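Chain by chain, the residues run as shown.
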Amino acid sequence: MTISIEQPQIEVEVEDKKVPRELVLDGGFMVPETNSFGHTFRDYDVESERKKAVEEFYRTNHIHQTYDFVTRMREEYGKLDRVEMSIWECIELLNEFIDDSDPDLDEPQIEHLLQTAEAIRKDYPDEDWLHLTGLIHDLGKVLLHQNFGQLPQWAVVGDTFPVGCAFDECNVHHKYFKENPDHSNPKYNTKLGAYSEGCGLDNVLMSWGHDDYMYLVAKENKTTLPSAALFIIRYHSFYPLHKHGAYQYLMNDEDKENLKWLHIFNKYDLYSKSKVRIDVEKVKPYYLSLIEKYFPVKLRW
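Note that the structure is a prediction, hence the values are computed from the model and not measured. (Residues numbered from 1 in each chain as written. Predicted model: local features only at pLDDT ≥ 70, side-chain atom pairs only at ≥ 80, totals over all residues. Heavy atoms only, no water.)

Caption draft 1: Region of interest: the overall build of the chain. Counting its secondary structure elements, the chain contains ten helices and four strands. Helices and strands appear in the chain in the N-to-C order β-β-α-α-β-α-α-α-α-α-α-α-α-β. A burial count over the chain gives 56% of its 301 residues as buried. A sequence separation of at least 24 residues applies to 77% of the contacts in the chain between residues at least 6 apart. Just so you have it, the chain exposes about 13600 Å², and 47% of that area is on carbon and sulfur atoms. (Helix = DSSP H or I, 4+ residues; strand = E, 2+ residues; numbered from the N terminus. Buried < 20%, exposed > 50% of the residue type's maximum accessible area, 1.4 Å probe, protein only. Contact = heavy atoms within 4.5 Å. Areas by Shrake-Rupley, 256 points an atom, 1.4 Å probe, with all protein chains shown as cover.)

Spelled out as structure tokens, the structure:
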């Protein structure tokens, strides 16, 4: 099933007059003008029923995401010794959760996964690895489930950022980093901190959450997805980089190549969020075939 989205109009200034025109992205995907609440996407200041909860989420997230915390989480969850489960079983678990950090949508996560995947599939029919990446990119949110430690939302969702170096001001609700212990630690509060210029993002610790966890799950379970898919999974919430261009001094050449795919993916991840429902049973066989192609039957989580 494909997603039908009304053709949006945006306004541009031409000789002091506002002229509507279409905004078309790669592949012909049409960007909706507003999110499911009727506001512009990723507007963290607009008054809405989600604003207070989202801001409180980021306050807690920014205080507690430290270099030491991330190191502990990666060591603990990198063992992948909690459960064995198929990709689709994991998808079904996400029906229980709504992302507290998201100002654009309050639907169960499976809806967002399928919206993203189907929008990509429509515009990039030959890139089946990208379809599957769209389906699984948020599966790390199972960290919210009791079988995975039932971590608080601030340790699972939200925009991600490097820890171990200065927090860039483009991070959403940046002011709350002042209460983070690393903010005043001379080991971590300079531009490079614990890293070196051009070291490559593989050598950088990112704030802990579903992105990094699903990256570890896919990599350690020997997925045959290409490196661009793993890059998308690990950095799709890294908005400071792919939206604002921050932290580029940490990237190497491979990162720069993979970032091109992330920019394509992000359009579908962000702008496919809507109240449009997907017929799960209709599309399920196709995605099961992709899972079989790129993953073992059962994964260690």
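Caption draft 2: Quick look at the environment of H137. With respect to the helices and strands, H137 occurs in the loop between α5 (128–136) and α6 (210–220). Setting aside residues up to four positions removed in sequence, H137 forms contacts with H112, L113, T116, H210, I233, H236, F265 and D269. Within the structure, H137 has its side chain in polar contact with the side chain of H112 (distance 3.4 Å). (Polar contact = N/O pair within 3.5 Å; in protein donor to acceptor, adjacent residues only side chain to side chain.)

Caption draft 3: Highlighting the nonpolar core. The biggest cluster of nonpolar side chains holds 87 residues, and the ones touching the most others in it are W208 and W301. For this core, the leading source of residues is helix α7 (residues 227–235), giving seven residues. (Core = buried A, V, L, I, M, F, W, Y, C linked by side-chain atoms within 4.5 Å.)

Caption draft 4: Region of the structure containing the UniProt feature "binding site: substrate" (unreviewed entry) in the chain. Feature annotation in UniProt assigns "binding site: substrate" (unreviewed entry) to the following positions: R42, D99, D100, S101, K141, G158, D159, H236 and S237. With respect to the helices, strands and loops of the structure, K141 is situated in the loop between α5 and α6. (UniProt positions renumbered as here; feature names shortened; annotations may be inferred.)

Caption draft 5: Fine view of the packing of aromatic side chains. Counted according to the given criterion, the structure contains 18 aromatic pairs. Aromatic pair Y77 and Y213: ring centres 5.7 Å apart, planes at 80°, arrangement edge-to-face. Residue Y77 is located in helix α2 (residues 67–77), and its partner Y213 is located in helix α6; the two are separated by 136 residues in the primary sequence. Here Y77 and Y213 have matching classes, each one buried. With a centroid separation of 5.9 Å and 85° between ring planes, the pair formed by F161 and F167 is classed as edge-to-face. A relative accessible area of 0% places F161 in the buried class. A relative accessible area of 9% places F167 in the buried class. Each residue in the set Y77, F148, W208, Y213 and W301 is aromatic and connected to the rest through ring pairs, giving one cluster. (Phe/Tyr/Trp six-rings, centres within 6.5 Å; stacked < 30°, edge-to-face > 60°.)

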